[in-house]
Amino acid sequence: MTEQQAGLSRTDFPDNFIWGTATASYQIEGAVEEDGRGPSIWDTFSHTPGKTSNGDTGDVADNHYHLYRRDVALMRQIGLNGYRFSISWPRILPEGRGQINQKGLDFYNRLVDELASNNILPFATLYHWDLPQALQDKGGWANRDTAKYFADYADKVSRKLGDRVKGWITLNEPWVAAVLGNLTGEHAPGLSSMETTVRAAHHLLLGHGLALPVLRENSQRADAEFGATLSFNYVEPGDDHSEELAILKDAWDNRFFLDPLFKKNYPEELAGIINQYLPVEPGDMDIIGTPVDFLGVNYYFRTLPVAYEDKAKLTFKQRKNPGSQYTAMGWEVYPEGLRNLLVRFHKDYNVPKLYVTENGAAFEDRLQQDQSGAVVHDPDRLNYLRDHFEAARQAIKDGAPLAGYFVWSLLDNFEWAHGYSKRFGIVYVDYQNQQRVLKDSGKWLQQFLEK
Ligand code: FCB
C-alpha cells in the first residue's frame, strides 16, 4: 500500500461521485410467498435437491422485505448516497405478464420513498436473474416473446417509480444469466444447450433494447439515466501459447454482450460458435444498439486461461498466479484489471459514462465479541475495496468517465449456487436472528466517506 492509498478519501474522486452498495432481490428479500409474489426460476432451482450448496434457498434470506427500513438506515449511517437494488419481476407480475400485483409494487414504492427521505439515490435493476417461472414454462429467454414481456414489465414499474428513480438498469449480467443458466447449468434454470444459450442471449439484449425507450418515456426525473450492467473479467494469456485462447475467452466473456450494445454486432471471433443459433431478425441490432447513458461494470477478478476445459461449453483451464491473493470464491485479487477495463471501455467503445455497479469480495468472516459488542474483523475485504477504489481513481485520471461506485454488497446474502456459504457484505448478517453487524470494511468505508 502506498501512502496515498492509505489516506484515500472521497475527496480524491470527482464532485457528485455516487458511492453506493448493490444488492439483488432474490439474494436478500426473502418473503417469497408473501403479498402475492409468484415463483421465479430461482425458487424452483434452489428447491431442487443438489442445485445449491447445503440445499440453501432464498425463502428467508436477509428478510429485507420486512427489514428494509433498518437496512436503509445502515446505508445512511455508512454515509452512502446511492443504492443499487433489483426489482423482483414475479412480485410485480406473478405470471410474468398481465395484471399488476399491487402489493408487490407497493413494496418498491415504499423502498424508494425511504431512500429518498435518506438522500440516497435509487438505482433500480429490472432483471437480476429471477425470471417468473411461468415465463420459463413457455421457454424462458429462448422464447422471443419474453423480450416483449420484459418491456411491458419495465413499463409497469417505471410508470410508478419513474418520478423518483435516478438510474435504471435493464439487465444485470445477462452473460451469467444466459451462460450459467443455459449452458453450464450452474444457475437457474439449469440447462445445458448452446442453442438455448445463444437464443437467450439475443432475446435478453432485445428485451433491453425494447425496454429503454419505454423507461425514458415514463421517467419524470430530468437527471434520470438509463443503461445496462455487464459482467467482466480481465483476461490475460496464462502462458506463451495461449494468446489466441485469451482473445477468444475475452470475446466470449466480455464482448458477447458489449459489442452488440455499443457496436451493433456480435464478435467475429464467436461466429463459428453462435451464428448458427442466433435468432436475429431485421432491425434487431438497431434496437439492441439504442444509445444508453451509461454502462454498468461488474468486476471481480482476472483470469489466466491456458487451455480449454470443455471446448463445447467454452470453459477454460486457468493458471493460478503464485504471487496473488485469492478470495473465498477462488477469484484472483487484481485491482489493475478494473483500471484497464474502465480505460478500455472509454477508449475502444467510447462509452459515455461508466458506473462500477458491483465490486467486492467474499472472505471467511467470523462474528466475535469484544468490549464494544459484536465485531467482524475483515482486513482482506477492507484492503480489497481500498485497492480497487484506488484503481478506479487511476482510471479516472486516465480519462475514463466513471461517475459512481457500488460495492457488492451491503449485506451478506444468498450467493446463488453457493447459498449462504459465501459472505460478500460490508455488513455481517447472523442468519439465526437477522442481526446486522457492520464489519471493519464497512467502518472503513464510513470513514472514507466522512473525509
Ligand atoms: C455477480 C452477481 C451478484 C453476486 C456477485 C458476487 O455475478 O451479479 O448477484 O452474486 O456476482
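Engineer: Explain the overall build of the protein chain here, please?
Structural biologist: Scanning the protein chain from terminus to terminus reveals 16 helices and 14 strands. Taking 22 Å as the expected radius of gyration for a compact globule of 451 residues, we find that the protein chain reaches 21 Å, a close match to that expectation. When the backbone C-alpha atoms are referred to their principal axes, the protein chain occupies close to 65 × 55 × 45 Å. Each of the 451 residues in the protein chain was classed as buried or not, and the buried ones make up 63%.

Engineer: What is the right way to read the packing of aromatic side chains from this model?
Structural biologist: Here a ring pair, both rings aromatic, is described through the centre-centre distance and the interplanar angle of the planes. For the structure shown, the criterion picks out 47 aromatic pairs. For the ring pair Trp252 and Phe256, a centre distance of 5.0 Å and an interplane angle of 25° mean the geometry is stacked. You can see Trp252 and its partner Phe256 sitting in helix H11 (residues 243-263), four residues apart, about one turn around the helix. Both residues of the pair, Trp252 and Phe256, belong to the buried class. Seen from their ring centres, Phe389 and Trp444 are 5.5 Å apart, and the 40° between their planes marks the pair as tilted. Linking Phe389 in helix H15 (residues 379-397) with Trp444 in helix H16 (residues 440-450), this pair joins segments that are 55 residues apart in sequence.

Engineer: Sorry, what's going on with the site of the ligand here?
Structural biologist: Taken together, Gln27, His128, Trp129, Asn172, Glu173, Asn298, Tyr300, Glu358, Trp408, Glu415, Trp416 and Phe424 form the complete shell of residues around the ligand. Glu358 is positioned with one of its side-chain polar atoms (N or O) 2.9 Å from an oxygen atom of the ligand. Trp416 places a polar side-chain atom, nitrogen or oxygen, 3.0 Å from an oxygen atom of the ligand. Protein chains bury 95% of the 300 Å² of accessible surface belonging to the ligand in isolation. Among the residues making up the shell around the ligand, the classes are represented as five nonpolar, four polar and three charged.

Engineer: Please explain the sheet that holds strand E4 (residues 167-172) as it appears in this structure.
Structural biologist: Two strands in a sheet stick together by hydrogen bonds in their backbones, pointing the same way (parallel) or opposite ways (antiparallel). Strand order around the closed barrel formed by eight strands is E1-E2-E3-E4-E5-E6-E9-E12, with parallel pairing between neighbours. Taking each pair of neighbouring strands and ignoring which way they run, the sheet shows an average axis angle of 30°. Where E4 lies against strand E5 (residues 225-235), four bridges are found, and the strand directions are parallel. Bridged to Ile169 within E5 is Gly227. Across the face of the sheet, helix H9 (residues 174-182) comes into contact with strand E3 (121-127), E4 and E5 while running at roughly 60° to E5.

Engineer: Help me understand H9 in this model?
Structural biologist: Residues separated by three or four positions in an α-helix point in the same direction, a consequence of the helix having 3.6 residues per turn. Of all nine residues making up H9, nine are buried, and the element is well covered by its neighbours. Looking at H9, one finds that the buried residues are Pro174, Trp175, Val176, Ala177, Ala178, Val179, Leu180, Gly181 and Asn182. The secondary structure elements touched by the buried residues of H9 are E3, E4, helix H10 (194-218), E5 and H11.

Engineer: Sorry if this is basic, but what is going on with the side chain of Ser46 here?
Structural biologist: Within the element layout of this structure, Ser46 appears in helix H3 (residues 41-46). Polar side-chain contacts of Ser46 include one of 3.0 Å to the side chain of Tyr26. Residue contacts for Ser46: discarding those within four places in its chain leaves Tyr26, Thr52, Gly55, Asp56, Thr57, Gly58 and Phe414.

Engineer: How should I be thinking about helix H6 (residues 102-117) in this particular structure?
Structural biologist: Relative to the 22 Å expected for 16 residues at 1.5 Å per residue, H6 spans 22 Å between its end C-alpha atoms, a close match to the ideal helical length. When we look at burial in H6, the residues that qualify are Gly104, Leu105, Phe107, Tyr108, Asn109, Leu111, Val112, Glu114 and Leu115. Those residues of H6 hidden inside the fold are in contact with helix H2 (25-28), helix H4 (64-78), strand E2 (82-86), helix H5 (89-92), E3 and helix H8 (145-161). Phi turns positive, to about 55°, at Asn119, one or two residues after H6.

Engineer: Whenever I open this one, the side chain of Gln446 confuses me. Can you help?
Structural biologist: Here Gln446 shows up in helix H16. The contact partners of Gln446, leaving out residues within four places of it in the chain, are Gln77, Ile78 and Leu438.

Engineer: Hey, could you run me through the pairing of strand E8 (residues 315-318) in this one?
Structural biologist: For a regular strand, side-chain orientation follows a simple rule: the groups alternate between the two sheet faces. Bridge count between strand E7 (residues 305-310) and E8: four bridges; the pairing is antiparallel. Following the sheet pairing, Ala307 is matched in E8 by Lys317.

Engineer: What should I look at first to understand the pattern of salt bridges in this one?
Structural biologist: Between side chains of opposite charge, a pair can form when the charged atoms approach closely. With the rule as written, the count across this model stands at 32 salt bridges. Arg164 is the salt-bridge partner of Asp163, the closest N and O atoms lying 3.0 Å from each other. For Asp163, a relative accessible area of 37% puts it in the partly exposed group. Note that Asp259 and Arg255 form a salt bridge whose closest N and O atoms lie 3.0 Å from each other. With a gap of four residues between them, Asp259 and Arg255 both fall in helix H11, about one helical turn apart.

Engineer: Mind showing me how you'd approach the packing of H10 against H11 here?
Structural biologist: When two helices pack together, their arrangement is given by the angle between the helix axes and by the axis-to-axis distance. Taken N-terminus to C-terminus, the directions of H10 and H11 make an angle of 40°; their axes are 10 Å apart at the nearest point. Here H10 lies oblique to H11, going by the angle between them. Of the two elements, H10 crosses H11, and the hand of that crossing is right-handed. Where H10 abuts H11, its residues Met194, Ala201, Leu205 and His208 lie against Trp252, Phe256, Phe257, Pro260 and Leu261. Looking at the contact of H10 with H11 residue by residue, the class counts come to eight nonpolar, one polar and no charged.

About the cut-offs
The written sequence of each chain sets the order in which its residues are numbered from 1. Reporting of local features is limited, given that this is a predicted model, to residues whose pLDDT is at least 70; pairs of side-chain atoms are given and counted only at 80 or more, and all residues count toward the totals for whole chains, interfaces and linings. For the side-chain quantities, the full set of heavy atoms in the structure was used; hydrogens and water were omitted. Under the scheme used here, helices are H or I runs from DSSP no shorter than 4 residues and strands are E runs no shorter than 2 residues, and both carry numbers assigned from the N terminus. Atoms counted for the radius of gyration: C-alpha only. Globule rule: 2.2 Å times the number of residues to the power 0.38. Burial status follows relative accessibility: with a 1.4 Å probe on protein chains alone, a residue under 20% of its type maximum counts as buried, one over 50% as exposed, and anything between as partly exposed. Aromatic pairs are defined between Phe, Tyr and Trp rings, using the six-membered ring for Trp, whenever the two ring centres lie within 6.5 Å; interplanar angles under 30 degrees are classed as stacked, those over 60 as edge-to-face, and all others as tilted. Being near a molecule or strand, for a residue, means having at least one of its heavy atoms within 4 Å of it. Polar contacts, as counted here, are pairs of nitrogen or oxygen atoms within 3.5 Å of one another; within protein the pair requires one atom able to donate a hydrogen and one able to accept it, and residues that are adjacent in sequence qualify only if both atoms are side-chain atoms. The Shrake-Rupley method, run with a 1.4 Å probe, gives the accessible areas here. Residue values count only the displayed protein chains as cover. Residue classes follow a fixed rule: Ala, Val, Leu, Ile, Met, Phe, Trp, Tyr, Cys and Pro count as nonpolar, while Asp, Glu, Lys and Arg count as charged, and any other residue, Gly among them, counts as polar. We treat two strands as partners when DSSP finds at least two bridges between them. Here, axes are lines fitted to C-alpha atoms. For helices the fit covers the stretch in contact, and angles between N-to-C directions go from 0 to 180 degrees. In this description, contact between two residues means that some pair of their heavy atoms is separated by no more than 4.5 Å. Each helix should span, by expectation, one fewer than its residue count multiplied by 1.5 Å. Whenever Lys or Arg places a side-chain nitrogen within 4 Å of a carboxyl oxygen from Asp or Glu, that contact is recorded as a salt bridge. Under this scheme an angle from 65 to 115 degrees is roughly perpendicular, one under 35 degrees roughly parallel, and one over 145 degrees roughly antiparallel; angles in between are oblique. What makes a crossing left-handed is the near helix being turned counterclockwise from the far one by less than a right angle; a clockwise turn instead makes it right-handed.

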